[in-house]
Every structure is written in structure tokens, then in C-alpha cells.
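If you want the building blocks of each chain, they are given just below.
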Amino acid sequence: MNSEKIEKLSQLVTSIIEESGKLKAEVQRLNEKIEEMESENRAVLERNRKARTDLKRLYALEDSNRKMEKEKSVVRTKVNTLLENLEKMNFA
């Protein structure tokens, strides 16, 4: 081989090694980004799980509140009826 071809081959090998180093660095950066995004995803999933749990609790509390409102109305009606009956009684 003549020296020009060897020089050109040497430049190509050097270029490939440099590009390989850049690609390795890029792969490392991308792997770190993947880990970071997976961590963020786990955090979001945990917040989502907590939000679902809180939502279920909220629905249960709302249902309980509706039942109490109905019971309150029934009790109020009964108390009013009792008061009216007491007013009608003659204690003299």
C-alpha cells in the first residue's frame, strides 16, 4: 500500500473512533434520560394511584353525606311533628 492510502485509512479509522466515542456518549446520555423518565413515570403513577384512592374516598364521603342529608330531613320532619303534637296538647 502506498503512503497516501495508509494516511487516508488512518484518517478514516480515527474518524470512526471519534464517531464511536460520540455515539457511546450519546447512548450513555440517552440511557440516563431513560432512567430519569422512568423515575418520573413511577412518581406520576404513584400520584395517580393516590389520586384514585382519594377519589374513591371522596365518592364514599359524598354518598355518606347524601344519606345523612336524607336522614336529617326525616329526623327534622319527625321533630316538627312531635313539636306540633306537643303544641296541640292541653296541659291545663
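Overview of the structure.

## Things to note about the environment of Thr-81
Right, so step 1: Residue position: Thr-81 is located in helix α1 (residues 3-88).
Right, so step 2: A relative accessible area of 37% places Thr-81 in the partly exposed class.
Right, so step 3: A distance of 2.9 Å separates a polar side-chain atom of Thr-81 from the backbone oxygen of Thr-77.

## Section: the environment of Gln-11
Right, so step 1: Tracing the backbone shows Gln-11 in helix α1.
Right, so step 2: The class for Gln-11 is partly exposed, based on a relative accessible area of 49%.
Right, so step 3: It is 38 Å that separates the C-alpha atoms of Gln-11 and Met-37, two residues lying 26 residues apart in sequence.

## Some words on the environment of Glu-19
Right, so step 1: Relative to the assigned elements, Glu-19 resides in helix α1.
Right, so step 2: Along the backbone, Glu-19 and Lys-67 are 48 residues apart, and their C-alpha atoms lie at a distance of 71 Å.

## Some words on a nonpolar patch on the surface
Right, so step 1: On the surface, a nonpolar cluster with roughly 450 Å² of combined accessible area is contributed by Val-75, Val-79, Leu-83, Leu-86 and Met-89.
Right, so step 2: Here Val-79 lies in helix α1.
Right, so step 3: Overall, Val-79 belongs to the partly exposed group, its relative accessible area being 41%.

Parameters and conventions
- Residues numbered from 1 in each chain as written.
- Predicted model: local features only at pLDDT ≥ 70, side-chain atom pairs only at ≥ 80, totals over all residues.
- Heavy atoms only, no water.
- Helix = DSSP H or I, 4+ residues; strand = E, 2+ residues; numbered from the N terminus.
- Buried < 20%, exposed > 50% of the residue type's maximum accessible area, 1.4 Å probe, protein only.
- Polar contact = N/O pair within 3.5 Å; in protein donor to acceptor, adjacent residues only side chain to side chain.
- Patch = residues over 30% accessible without salt bridge, like charges linked within 9 Å, V, L, I, M, F, W, Y side chains within 5 Å.
- Areas by Shrake-Rupley, 256 points an atom, 1.4 Å probe, with all protein chains shown as cover.
- Salt bridge = Lys/Arg side-chain N within 4 Å of Asp/Glu carboxyl O.

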